Amino acid sequence: MSIERGLSLRPYNSFGLPAQARQLVRIRSDADVRRVLDHPELGRAPKLVLGGGSNTVLTRDVAALVLKVEVSGIRLVEERPDAWIIEAGAGESWHGLVEWTLAHGFPGLENMALIPGTVGASPVQNIGAYGLELKDRFESLDAVDLVTGRSVTLSAHACRFGYRDSVFKQGGFAGLAGKSLITRVRFRLPRPWQPVLGYVDLEKKMAETGVHEPDARQIFDWVCAIRRAKLPDPAAIGNAGSFFKNPVVSAEQCRDIIGRDPHIVHYPLADGRVKLAAGWLIDACGWKGKSIGRAGVYEKQALVLVNRGGASGAEVLTLARAIQESVYGRFGIRLEPEPVVV
Ligand code: EPU
């Protein structure tokens, strides 16, 4: 087992924030995790699991042992009459998986094209875009318990998926935050394939092009074009996607807010509550394109904070707090960050 010491994590977080790992071990299999746990010095050390670093804000050097997940491989594991089951290693790139499934004739993930990060991180925050969430295509996953070293398989029910949430983000006795490392994820891609076209941006594409029965490849191309037009590419401009979750408020609270701001973008939920577009709230407070230090609010999507070059994690957090205060001041709504702050 090779232990890397004093390694810069800048290339390993999509925000491009400076931080060092005191010690880092690359994990390529379940057995690699057990080797770490059996190690006399590392076994009991606090641990931080790092995937593609696309949902992490590093604000300091990491004293915990960093486990960098690099489990690879993608394969069809089962062909059922009603679904294809695809398994992917947690270290595979998410977008790479979406491309692989389309190239091999297993459509169903195309609405989630171009989401940055790895396969292993996808269930942690139940990634989602353009009308589809990971939980809609999830079959099961394998994880290793970071205390006992036991491998377990978890169903969707055990993962407790919510909006950008799962058992892997939840702490306390019942949660698994920091307690396990995901090694493989299996996806259920329903047969026959059905397009998911309800999202307004996709409806606009259909109207613009006159294509009303797109195939999966067409939807993939549209989603890539929509994302490229309004979201920064982390390879060019450091960012972690949406920085805040879209807040959910009661119908009464929403009526109040609409009374004051009739244009507010909102979506009614099945349970009577209402989801508000955080990007709109931040935009309405005048933040779009603004910066504090070297951290900024992206010009084309106010929900995305960016590294304008050389920003520290502390600068990103200062900007995030200033945004939270102004949205609270004007709308009485507390925005909750989506990425994990380390
Ligand atoms: N809006 C503004 N100003 C802005 C940004 C947005 O007025 O600066 C308005 C838009 O015009 C639109 C509404 O807010 O009417 C919603 O914007 P958008 O469609 O871009 O989606 P979002 O709610 O901002 C969510 C996800 C994204 C996902 C898109 C598409 C969250 C936190 N974000 O963004 O996910 O790609 O929908 O499905 O749920 C991510 O989680 O990292 C992410 C990028």
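Residues numbered from 1 in each chain as written. Predicted model: local features only at pLDDT ≥ 70, side-chain atom pairs only at ≥ 80, totals over all residues. Heavy atoms only, no water.

## Structural notes on the sheet that holds strand β15 (residues 266-268)
In step 1: On the basis of which strands lie adjacent, the open sheet formed by three strands has the order β14-β16-β15 and antiparallel pairing. Two strands in the sheet have a free side with no partner beyond their single neighbour: β14 (248-249) and β15.
In step 2: Docked against the sheet, helix α6 (residues 251-260) engages β14, β15 and β16 (274-276), running at close to 45 degrees with respect to β16. (Pairing = 2+ DSSP bridges. Helix = DSSP H or I, 4+ residues; strand = E, 2+ residues; numbered from the N terminus. Contact = heavy atoms within 4.5 Å. Axes fitted to C-alpha atoms, helices over the stretch in contact; angles between N-to-C directions.)

## Points about the UniProt feature "domain: FAD-binding PCMH-type" (unreviewed entry) in the protein
In step 1: Per the UniProt record, "domain: FAD-binding PCMH-type" (unreviewed entry) is found at residues 17-192.
In step 2: Secondary structure across residues 17-192 comprises 13% helix and 35% strand; the distance between its end C-alpha atoms is 43 Å. (UniProt positions renumbered as here; feature names shortened; annotations may be inferred.)

## Side note on the packing of aromatic side chains
In step 1: Taken as a whole, this structure holds eight aromatic pairs when the rule is applied.
In step 2: With a centroid separation of 5.5 Å and an interplanar angle of 55 degrees, the aromatic rings of W84 and F106 are classed as tilted. One end of the pair, W84, is in strand β7 (residues 83-89); the other, F106, is in the loop between α2 (94-103) and β8 (128-129), and 22 residues separate them in sequence. Of the two residues examined, W84 and F106, each falls in the buried class.
In step 3: When the ring of W94 is compared with that of F187, the centres are 5.7 Å apart and the planes differ by 65 degrees; the resulting orientation is edge-to-face. You can see W94 sitting in helix α2 and its partner F187 sitting in strand β12 (residues 180-190), a full 93 residues away along the chain. This pair shows no difference in class: W94 is buried, exactly as F187 is.
In step 4: Linked through ring pairs, F15, F243 and F244 together constitute an aromatic cluster.
In step 5: The ring of F220 carries R217 above its face, with NZ or CZ at 5.2 Å from the centroid.
In step 6: Directly above the aromatic system of Y328 lies the positively charged group of R334, at a separation of 4.1 Å from the ring centroid. (Phe/Tyr/Trp six-rings, centres within 6.5 Å; stacked < 30°, edge-to-face > 60°. Buried < 20%, exposed > 50% of the residue type's maximum accessible area, 1.4 Å probe, protein only. Lys NZ or Arg CZ within 6 Å of the ring centre and 35° of its normal.)

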